[in-house]
Amino acid sequence: MPDSPRPKRPRVIVTRQLMPHVEARMAELFEVVLSARDHAFSEGELKAAVQDCDVLVPTVTDRIDADIIAAAGERLKLIANFGAGVDHIDLAAARAKGIMVSNTPSVFTEDTADMTMALILSVPRRLAEGEKLMRSGTWEGWAPSTMLGRRVGGKLLGIIGMGRIGLAVARRARAFGLSIHYHNRKRLPAAIEEELGANYHASVDTLMRISDVVTIHCPHTGETHEMVNAARIAAMKPTAYLINTARGEIVDEKALIAALKSKRIAGAGLDVYAQEPKVDPELLALDNAVLLPHLASATIEGREASGDKVVANIRAWSDGHRPPDQVLEGWA
Ligand SMILES: NC(=O)C1=CN([C@@H]2O[C@H](COP(=O)(O)OP(=O)(O)OC[C@H]3O[C@@H](n4cnc5c(N)ncnc54)[C@H](O)[C@@H]3O)[C@@H](O)[C@H]2O)C=CC1
Ligand SMILES: O=CC(=O)O
């Protein structure tokens, strides 16, 4: 059946506050309902929104599950996500109902890699602990044997998920003298492996066992849910660190907390959590974990570019084309 004509001025509901120039552009181009209160939409608010628009612009804080998709009105044809990850959207349910999904890949790659590198440096070097000590007013001055961390250069970095962000992290890490090992669904072309000196491991078990620092950059999917499980954490070196700026659900968080508490592994640097915005209180109590509030993509430049991509995706769709960043089957 041919598609019904797409509205030239689609009704667009945006769940969160976006950068001012993006909101202004949306108001010019669309019949847009902007987020006045800038909060994560509740289930009720999402259900009301999907019944009342052609395009929904959600973010990672909105859970668009099968129930929400089932509640959508006939006119909802595009979910134009603001953000790279789309694990909060039930893609199969959307596809079954003929609703396209788009995202904003690439614009956060360098920022997320920078923040990952910041964690790779700050966890072994105990940066957050040092900062806390200074603010406590209890620092007694320099000493040769206190607050010793571990050197980063010369260590083995294990990257799980060698896509855009994984590659950007590898490039940075190489400059800091880390050797690059990775596990990915697909092996990189030989020329890129050579450029990075990157070693491929078909087995995630092996990668985690040999790494001094493991960093996660795959998407959260059915396959990667708790991929970093208790057995794999237990097999890590006792001197190793786990960094996660991808999604909290990729790690068995309880198993990670147990390993950090018992010093089974040396430390962790986390930007993402299993039940955001809730953070396990046990994690908050640990000195060997550096915790960030899902901050890796939080730059003005990245958020502006992400908003521009959302606008471009909606415009392409309303002009009768595929959104340039349409999330296709087998997206991960
Ligand atoms: N903390 C933050 O603010 C941000 C977090 N992210 C997260 O980072 C994730 C990755 O982003 P990109 O690098 O842009 O994605 P990408 O699609 O470029 O790369 C993901 C890589 O993971 C690999 N992969 C997928 N399933 C796998 C599996 N089962 N085993 C091994 N490898 C697998 C893919 O083959 C691909 O190479 C996003 O999905 C998102 O969840 C992205 C941006 C910001
Ligand atoms: O977590 C952020 C994203 O863009 O994905």
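Parameters at a glance
In this convention, every chain numbers its residues from 1, walking through the sequence in written order. Chains carry letters and ligands carry numbers; both start at the beginning, A for chains and 1 for ligands, and go up in the order they are written. Whole-chain, interface and lining totals are the exception, using all residues; otherwise, since this is a predicted model, local features are given only for residues with pLDDT of at least 70 and side-chain atom pairs are given and counted only at 80 or more. Side-chain figures throughout are based on the complete set of non-hydrogen atoms in the structure, without hydrogens or water. UniProt positions are given in the numbering used here, feature names are shortened, and annotations may be inferred rather than shown by experiment. We call a set of buried residues a nonpolar core when its members are Ala, Val, Leu, Ile, Met, Phe, Trp, Tyr or Cys and they connect through side-chain atoms within 4.5 Å of each other. Relative accessibility thresholds used throughout: buried, under 20% of the residue-type maximum; exposed, over 50%; partly exposed, between the two (1.4 Å probe, protein chains only). Helix and strand definitions follow DSSP, with helices as H or I runs of at least four residues and strands as E runs of at least two, each counted in order from the N terminus. Should any heavy atoms of two residues lie within 4.5 Å, those residues are counted as being in contact. Both cavities and pockets are sets of points on a 1 Å grid over the protein atoms alone; in a cavity a 1.4 Å probe fits but cannot get out, in a pocket the set is open with protein on both sides within 12 Å along at least five of seven lines, and lining residues sit with an atom within 4 Å of a point. Grid points are joined across faces, edges and corners, and a volume is the space filled by probe spheres set on the points. Polar here means any residue outside two lists: the nonpolar Ala, Val, Leu, Ile, Met, Phe, Trp, Tyr, Cys and Pro, and the charged Asp, Glu, Lys and Arg; Gly therefore counts as polar. Residues are labelled near a given molecule or strand when at least one of their non-hydrogen atoms is within 4 Å of it. Any N or O atom pair separated by 3.5 Å or less is treated as a polar contact, with the protein-specific requirement of one donor-capable and one acceptor-capable atom, and with residues adjacent in sequence counted only for side-chain atom pairs. Only the protein chains shown count as cover for residues, and all accessible areas are computed by the Shrake-Rupley method using a 1.4 Å probe. At least two DSSP bridges between two strands are needed for those strands to be called paired. Only the stretch in contact is used when a helix axis is fitted, and all axes are lines through C-alpha atoms; the angle between N-to-C directions ranges over 0 to 180 degrees. Oblique is the label for every angle not falling under 35 degrees (roughly parallel), over 145 degrees (roughly antiparallel), or within 65 to 115 degrees (roughly perpendicular). For any pair of crossing helices, the crossing counts as left-handed if the nearer helix is rotated counterclockwise from the farther one by less than a right angle, and right-handed if it is rotated clockwise.

- The name given to the chain in an unreviewed UniProt entry is Glyoxylate reductase, with the source organism recorded as Sphingopyxis panaciterrulae.
- The heading Sequence similarities (unreviewed entry) in the UniProt record of the chain holds the text "Belongs to the D-isomer specific 2-hydroxyacid dehydrogenase family."

**Section: the nonpolar core**
For step 1, the next point in the chain: Of all hydrophobic cores here, the largest spans 28 residues; its most connected members are Ile160, Leu242 and Leu256.
For step 2, the next point in the chain: At the level of secondary structure, the elements contributing two or more residues to this core comprise α9 (204-210), β9 (213-216), α11 (253-261) and β11 (267-270).
For step 3, the next point in the chain: Considering every element that reaches this core, the biggest residue donor is α11, with five residues.
For step 4, the next point in the chain: Ignoring sequence-local partners within four residues, the contact set of Ile160 consists of His183, Val204, Leu207, Met208, Val214, Thr215, Ile216, His217, Cys218, Met227 and Val228.
For step 5, the next point in the chain: In this structure, Ile120, Ile159, Ala173 and Leu292 belong to the second largest nonpolar core, which totals 25 residues.

**Points about empty space enclosed by the protein**
For step 1, the next point in the chain: In total, this model carries one cavity of 30 Å³ or more according to the counting rule given.
For step 2, the next point in the chain: Taken as a whole, the largest cavity holds about 40 Å³ of empty space.
For step 3, the next point in the chain: Around the largest cavity sit Asn244, Gly248, Val251, Glu253, Leu256, Leu270 and Val272, which together line it.
For step 4, the next point in the chain: The residue makeup of the lining of the largest cavity, split by class, is four nonpolar, two polar and one charged.

**Concerning the site of ligand 2**
For step 1, the next point in the chain: Taken together, Gly83, Ala84, Gly85, Phe108, Arg247 and His294 make up the full set of residues near ligand 2.
For step 2, the next point in the chain: Residue Gly85 places a main-chain N or O atom 2.8 Å away from an oxygen atom belonging to ligand 2.
For step 3, the next point in the chain: One of the side-chain N or O atoms of Arg247 is found 2.8 Å from an oxygen atom in ligand 2.
For step 4, the next point in the chain: Coverage of ligand 2 by the protein amounts to 83% of the 200 Å² it exposes when considered alone.
For step 5, the next point in the chain: Among the residues forming the shell around ligand 2, the class breakdown is two nonpolar, three polar and one charged.

**Some words on the sheet that holds strand β12 (residues 289-291)**
For step 1, the next point in the chain: Across the sheet, which stays open at both edges, the seven strands sit in the order β8-β7-β6-β9-β10-β11-β12 with parallel pairing between neighbours. Only two strands of the sheet have a single partner each, and these edge strands are β8 (199-200) and β12.
For step 2, the next point in the chain: When strand β10 (residues 241-244) meets β11, the two strands line up parallel, connected through four bridges. Along β11, the bridge assignment pairs Ile243 with Gly269.
For step 3, the next point in the chain: Relative to the sheet, helix α7 (residues 164-175) contacts β6 (156-160), β7 (179-183) and β9, its axis offset from that of β6 by approximately 170°.
For step 4, the next point in the chain: Set on the sheet, α11 makes contact with β10, β11 and β12; between it and β11 the angle comes to about 140°.

**A word on the packing of helix α5 (residues 109-122) against α7**
For step 1, the next point in the chain: Where α5 contacts α7, the two axes come as close as 8 Å, and the packing angle between them is 50°. It follows that α5 is oblique to α7 by the angle criterion. Of the two elements, α5 crosses α7, and the hand of that crossing is right-handed. Between α5 and α7, the residues in contact are Thr109, Glu110, Thr112, Ala113, Asp114, Thr116, Met117 and Ile120 and Arg164, Ile165, Ala168, Val169, Arg172 and Ala173, respectively.
For step 2, the next point in the chain: For the contact of α5 with α7, the class distribution of residues is seven nonpolar, three polar and four charged.

**Overview of the packing of helix α1 (residues 20-29) against helix α13 (residues 300-318)**
For step 1, the next point in the chain: Axis separation between α1 and α13 bottoms out at 9 Å; the angle between their running directions is 15°. Judged by the inter-axis angle, α1 sits roughly parallel to α13. Here α1 and α13 pass one another in a crossing that is right-handed. Counting all contacts with α1, which are made through His21, Val22, Arg25, Met26 and Leu29, the residues of α13 involved are Glu304, Gly307, Asp308, Val310, Val311 and Arg315.

**Things to note about the UniProt feature "domain: D-isomer specific 2-hydroxyacid dehydrogenase catalytic" (unreviewed entry) in the chain**
For step 1, the next point in the chain: Following the UniProt record, the feature "domain: D-isomer specific 2-hydroxyacid dehydrogenase catalytic" (unreviewed entry) maps to residues 14-327 here.
For step 2, the next point in the chain: Between the first and last C-alpha atoms of residues 14-327 the distance is 19 Å; the span itself is 37% helix and 13% strand.

**Points about the sheet that holds strand β3 (residues 55-57)**
For step 1, the next point in the chain: With parallel pairing, five strands are arranged side by side in an open sheet as β2-β1-β3-β4-β5. With one partner strand each, in any of the chains shown, β2 (31-33) and β5 (100-102) form the two edges of the open sheet. If you compare each strand with its neighbour and ignore which way they point, the axes differ by 20° on average.
For step 2, the next point in the chain: In terms of strand pairing, strand β1 (residues 11-14) meets β2 through three bridges, oriented parallel. For Arg11, the partnering residue across the bridge sits in β2 and is Glu31.
For step 3, the next point in the chain: Along the sheet, α13 makes contact with β1, β3, β4 (78-80) and β5, crossing β4 at roughly 160°.

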